Amino acid sequence: MTSTIPKHVAIIMDGNGRWGKRRGLTRSEGHYAGSQTMEKIIDASAELGIEILTLYAFSTENWGRPKDEVNYLMSLPIKFFKQKLPEFMKRNIKIYISGDIENLPKGTRDAVTKAMEETKDNTGLIVNFALNYSSRREILQAICHVIREAEEKQLDIDCLDEAVFEQYLYTKNLPDPDLVIRTGGEKRVSNFLLWQSSMAELCFVDVLFPDFTKEMLKKAVFDVNSQEEMKLNEYVG
Ligand code: FPP
């Protein structure tokens, strides 16, 4: 059974704002509910034996949202890591960040830098937060980096192949995702892991992220290998 578990699962956690609005709450309250769900999904991923979980937490496009919502989203990692880091250390969970960390507000930047630093020697589940992330920008920055190194004769351009190019991406030490899940009902990839997900299975779930459950994750994970579908009843409640 373990062999059928995708090694790397990536999730576009969409639908928090709508979830809040539908309940007469604010969009930020929807994000809070999303962060609670995110914690459950991290636990479920560790239980399932997923090795890497990438979570789309904030895109560069998200800066265009109302200021109070942006401020709230930037405060979430501060509270989250303050509360969860000791537990992540106990559970051997390693934190990665993919994105432009330098241009985050200082408090957020310090919190994520500390989380990466403290967990760097952990060997269990890797939770990779895509934060201030744009896949196009990531690829463009990688190209600029490659050109610069070629000009400085640190890189022989004739040796540039896919494996070498990947070393210039945020995800340089991670295998490509096998499965990309998007909640919230929309069927698009929204500037997320465009290079890395070229061979990934895509799973679109018509459920707002705060309502996404461990059982839904299990179903998506086991559906990757269709031969395993028959076994689903064992796992889906
Ligand atoms: C998209 O939903 C979701 C986000 C922009 C943020 C997702 C963030 C979390 C779930 C928590 C992150 C927490 C930490 C600690 C990193 P949306 O609001 O765009 O949904 P909508 O389509 O309903 O508007």
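The structure we're discussing is the one just above.
Predicted model only: the values in this text are computed from it and were never measured.

Draft legend 1. Structural context of helix α5 (residues 135–151). In a regular helix each residue adds 1.5 Å, so 17 residues correspond to 24 Å; α5 covers 24 Å between its end C-alpha atoms and thus fits that length. For α5, the full list of buried residues reads Ser135, Glu138, Ala142, Val146 and Glu149. Looking straight down α5, one finds its buried side chains confined to an arc of 75°; they lie on one side. Exposed residues pointing more than 90 degrees away from the buried face of α5 are listed as Arg136, Leu140 and Glu151. Where α5 is buried, its residues meet β4 (126–133) and α6 (162–166). Of the residues trailing α5, Lys153 is marked for its positive phi of about 60°.

Draft legend 2. Representation of the site of the ligand within the structure. Taken together, 19 residues lie near the ligand, and Asp14, Gly15, Arg18, Arg27 and Arg65 sit nearest. At a separation of 3.1 Å, an oxygen atom of the ligand approaches a polar backbone atom of Gly17. When the ligand is considered free in solution it has 630 Å² of accessible area, and contact with the protein chains removes 92% of it. In a pocket analysis with a 2 Å cut-off to the grid points, the ligand is assigned to the largest pocket. Secondary-structure elements contributing two or more residues to the shell around the ligand are α1 (16–22), α2 (27–48) and α3 (67–90). Element by element, the count of residues in the shell around the ligand is highest for α2, at five residues.

Draft legend 3. Representation of the packing of aromatic side chains in the model. The tally for this structure, following the rule as stated, stands at eleven aromatic pairs. Relative to Phe129, the ring of Phe80 lies with its centre 5.9 Å away and its plane at 75°, an arrangement referred to as edge-to-face. With Phe80 in helix α3 and Phe129 in strand β4, the pair connects residues that are 49 residues apart, well separated along the chain. Residue class for Phe129 comes out buried when judged on its relative accessible area of 5%. Taken together through their ring pairs, the aromatic side chains of Tyr56, Tyr133, Tyr170 and Phe192 make up a single cluster.

Draft legend 4. Broad picture of the pattern of salt bridges. For the structure on display, the rule yields 16 salt bridges. The residue Glu39 makes a salt bridge to Lys84 at a minimum N-O spacing of 3.3 Å. Placement of the pair is Glu39 in helix α2 and Lys84 in helix α3, with a sequence separation of 45 residues. For Glu39, a relative accessible area of 16% translates into the label buried. A salt bridge links Glu186 to Arg188; the nearest nitrogen and oxygen atoms lie 2.5 Å apart. Overall, the relative accessible area of 29% leaves Glu186 in the partly exposed class. Taking the relative accessible area as the measure of exposure, Arg188 reaches 45% and is therefore partly exposed.

Definitions and limits used
Residues numbered from 1 in each chain as written. Predicted model: local features only at pLDDT ≥ 70, side-chain atom pairs only at ≥ 80, totals over all residues. Heavy atoms only, no water. Helix = DSSP H or I, 4+ residues; strand = E, 2+ residues; numbered from the N terminus. Expected span 1.5 Å × (residues − 1). Buried < 20%, exposed > 50% of the residue type's maximum accessible area, 1.4 Å probe, protein only. Arc of directions from axis to C-beta. Contact = heavy atoms within 4.5 Å. Near = heavy atom within 4 Å. Polar contact = N/O pair within 3.5 Å; in protein donor to acceptor, adjacent residues only side chain to side chain. Areas by Shrake-Rupley, 256 points an atom, 1.4 Å probe, with all protein chains shown as cover. 1 Å grid on protein atoms, 1.4 Å probe; cavity = no way out; pocket = protein on both sides within 12 Å on 5 of 7 lines; lining within 4 Å. Sits in = over half its atoms within 2 Å of the grid points. Phe/Tyr/Trp six-rings, centres within 6.5 Å; stacked < 30°, edge-to-face > 60°. Salt bridge = Lys/Arg side-chain N within 4 Å of Asp/Glu carboxyl O.

Keep in mind that these numbers describe shape and distance, not what the molecule does.
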